Structure formats: structure tokens, C-alpha cells
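Coordinates in review
Spelled out, the chains give:
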Amino acid sequence: FALEKRKAQYVLFKPSDYLDEVSISEDERQKEYENTKESFRNPQQGSLEYIRLTPERLTGRYLVSDAEAQAYFESNKNSFHKPERVLLRHVFVSFPVAGQHARPLSKEEQEAAAKEIMDKALADLAAGKDFAEVASLYSHDQQSAIQGGMLDWITRGDIPIKEFEDAAFALKKGERSGVVASTQGLHLLEVVDREDERQPDFAANKEAVVKAVGMQKAYDDFASVLQRAEDGLSLGTPFAELGEKLKLPVQKTGLVPLTDPEKALALKDDSRTPLNEAIALPLGSAKPRETQG
């Protein structure tokens, strides 16, 4: 059923096309306004200052020695292993399960029907058509077909079809496979790019290792930094001064509706209560966060 297509004709009637034919009296306008005036009310707005305190924002301030980085790398070496991978375009023609009037097809009929479509794709390629164009015309993998048959980078095990995988990893960059048959249908592959397997190397991954160790330190120290921030607010430390002490910028939302301020701050649900409590404070007051992040 996924391969069926329909062509429809329709006429669209839009109310906006008939506005010139409508006459509204002043009484009708006034009555409609009285019934719906709440929808015209502008919500209360306010401008919020805030400090976004997260472990990620603290990461860069922690020094990481070469010895710490090396030790982390040795303990997590497997996470830096880069397996062989390929970037593919493909044309996939599935075996049809039924013919006209839902008549079941034999295996031979299924293979013949799929081959007929794949032969058309091959003929177009032989005539000089681009692989991406051919994939968009013939591939039954609709998700990749709209992108010219392009798949994401794949490693061994990503595609649970042995014939597909064997063919993909046997090709070099720029090469195209012959027709590959599997239990699902027929496949035609083209390797756009490929990367060979890379063993973990400290020098090549040092930047990522240092960042990971810094992040680990930030998470370990986050609770104490958060406590210092809350203590500063409790003692009445001016917001700008607190930002300087934490070495974090004080950010401003600009005017936002105070009925739904968490959207302006991109906060999670667990932040709504302390945020609404903070909004209820007098102008210029500050309140510590009660949840992490």
C-alpha cells in the first residue's frame, strides 16, 4: 500500500476571498468585541535578567594537565575508536507482494517485477542521468529518495542486510555496485565517501579529551558553584556583581509575556515554580534557582 499513488483535483474555497461581499454593522462590531474582548488584552510583560548556570558553561575554566588527559584517554580509549564507515546513495526496489486484484505473486513474479523497475533505473544511468535523479525516480525508500537516495554515514551493523553491507564496504569512494539482491528486494549502491578504521590516538583526540575532563570537573564542582550563587543572592549581592564573581554573563530577555516566561528562557518544567516565584518579587529583586541547570 505504501507504493500506491493517487492524483486528485480540487477547488479551494477560502473565506478571505469573500470579505468584500460581507457587510457588518457597527452594532455587530460592538457586540463581537464585547464577546471576545479578552482575546485583545495584552498580557503583562516584563524584562528579566538571569544568569544561566550549567556545567557546560563552567567547563572552560578548569585547567587540565597532560597527565590527567592521558589518564582519561587510557581509561576511555574505546570511546575514541573510529570504525570504518561509508557514505552512500542507493536505489532500493522492493519485491511486490501482490498483483492486480490483490492476487498473491510467486517468488519468480516478485523478482521479475522488481527487476523490471531496476532495469529502467540502470538504463537511465547508462544514458548519463545522475544517480541522485535516478534514485528520486525509482527508489522505493521514500525517505532517502527525496534526498537523491542519500543515506547517513553507516558503519558495519547499522544496516541489518548482509548482502547490502558486504557490497557497501567492498566499494571504494566513487564506485557503484552492481544490482544486489536481498530478501527485501534489489539494491544499487554508490559510495559518495568513505573513512577507514582509525585506532585511538591520544594526539589526534587531545582536544576532545581535554574538553571531556574539563566537563567532568565542572560536573563535580557544579553543586558548590550553585551554592555560592545562592548564598550571594541570599546576602543581597547585586546581580551584576554576582555575575562578575561567577565569571558568567548576566543576560536579558527583553520584554516578554510574564504569563509564559519559561519559553523566553528555554527552561524545563521543573523550573516553572521558582521562576514564577521570582517574577512575583519586587522590581529589581533576585531569587536563587531551586533546581540544577
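Residues numbered from 1 in each chain as written. Predicted model: local features only at pLDDT ≥ 70, side-chain atom pairs only at ≥ 80, totals over all residues. Heavy atoms only, no water.

**Side note on the overall build of the protein**
A count of helices and strands for the protein gives eleven helices and six strands. Taking all 293 residues of the protein together, the buried fraction comes to 31%. When contacts within the protein are restricted to residue pairs at least 6 apart in sequence, long-range pairs at least 24 apart make up 68% of them. About 20300 Å² of surface is accessible on the protein, with carbon and sulfur atoms providing 51% of the total. (Helix = DSSP H or I, 4+ residues; strand = E, 2+ residues; numbered from the N terminus. Buried < 20%, exposed > 50% of the residue type's maximum accessible area, 1.4 Å probe, protein only. Contact = heavy atoms within 4.5 Å. Areas by Shrake-Rupley, 256 points an atom, 1.4 Å probe, with all protein chains shown as cover.)

**Structural notes on the packing of aromatic side chains**
Evaluation of the coordinates by the stated rule reveals three aromatic pairs. Their ring planes at 40° and their centres at 5.9 Å tell us that Tyr-33 and Phe-40 sit as a pair that is tilted. Relative accessible area serves as the criterion here: at 40%, Tyr-33 is assigned to the partly exposed category. A relative accessible area of 54% means that Phe-40 is categorised as exposed. (Phe/Tyr/Trp six-rings, centres within 6.5 Å; stacked < 30°, edge-to-face > 60°.)

**A few points about the side chain of Ser-139**
By the secondary structure assignment, Ser-139 is in the loop between helix H5 (131-138) and helix H6 (142-145). Classification of Ser-139 by relative accessible area gives buried; the value is 3%. Side-chain polar atoms of Ser-139 contact the backbone nitrogen of Asp-141, separated by 3.3 Å. Apart from residues lying up to four places away in sequence, Ser-139 is in contact with His-90, Val-91, Phe-92, Val-134 and Ala-145. (Polar contact = N/O pair within 3.5 Å; in protein donor to acceptor, adjacent residues only side chain to side chain.)

**Quick notes on the nonpolar core**
Ranked by size, the top nonpolar core spans 14 residues in total, and within it Ile-51, Leu-53, Leu-58, Val-225, Leu-246 and Leu-248 carry the most contacts. Of all the elements, helix H8 (residues 202-234) adds the most residues to this core, at six residues. Dropping the residues within four chain positions of it, Val-225 is found in contact with Leu-53, Leu-58, Tyr-62 and Leu-246. (Core = buried A, V, L, I, M, F, W, Y, C linked by side-chain atoms within 4.5 Å.)

**Considering helix H7 (residues 162-170)**
Every α-helix winds through 3.6 residues per turn, so residues three or four apart in the chain are directed the same way. Taken together, the buried positions of H7 are Phe-164, Glu-165, Ala-167, Ala-168 and Phe-169. Among the structural elements, strand E2 (85-94), strand E3 (154-155), strand E4 (180-181) and strand E5 (185-195) are those in contact with the buried residues of H7.

**A closer look at the sheet that holds E4**
Pairing within the open sheet is antiparallel, and its four strands lie in the order E3-E2-E5-E4. In this open sheet, the two edge strands, each paired with only one partner strand, are E3 and E4. With two bridges joining them, E4 and E5 adopt antiparallel strand pairing. In the strand pairing of E5, Val-180 is matched with His-187. Sheet contacts for H5: E2 and E5; angle to E2, the most-contacted strand, approximately 40°. (Pairing = 2+ DSSP bridges. Axes fitted to C-alpha atoms, helices over the stretch in contact; angles between N-to-C directions.)

**Looking at unusual backbone geometry**
If you check the backbone angles, Lys-247 has positive phi at about 60° while not being a glycine. Looking at where Lys-247 falls in the secondary structure, it is placed in the loop between helix H9 (239-246) and strand E6 (251-257).

**A closer look at the side chain of His-187**
Along the chain, the position of His-187 falls in strand E5. His-187 sits in the buried class, given a relative accessible area of 3%. Here the side chain of His-187 touches Ser-182 through a polar contact of 2.7 Å, side chain to side chain. The residues touching His-187, leaving out its near neighbours within four places in the chain, are Val-91, Phe-92, Met-118, Ile-161, Phe-164, Gly-178, Val-179, Val-180 and Ser-182.

**So, the pairing of E5**
The element E5 is extensively covered by neighbouring structure, given that eight of its eleven residues are classed as buried. Between E4 and E5, which pair antiparallel one after the other, the connecting turn spans three residues.

**Regarding the packing of H8 against H9**
Close contact between H8 and H9 brings their axes to 10 Å; oriented N to C, the two are set at 155°. The orientation of H8 with respect to H9, classified from their angle, is roughly antiparallel. Remark: the crossing between H8 and H9 carries right-handed chirality. On H9, the residues that touch Val-225, Ala-229, Gly-232 and Leu-233 of H8 are Phe-239, Leu-242 and Leu-246. For the contact of H8 with H9, a count of residues per class yields six nonpolar, one polar and no charged. (Parallel < 35°, antiparallel > 145°, perpendicular 65-115°, else oblique. Left-handed = near helix turned anticlockwise from the far one by under 90°. Nonpolar A, V, L, I, M, F, W, Y, C, P; charged D, E, K, R; others polar.)

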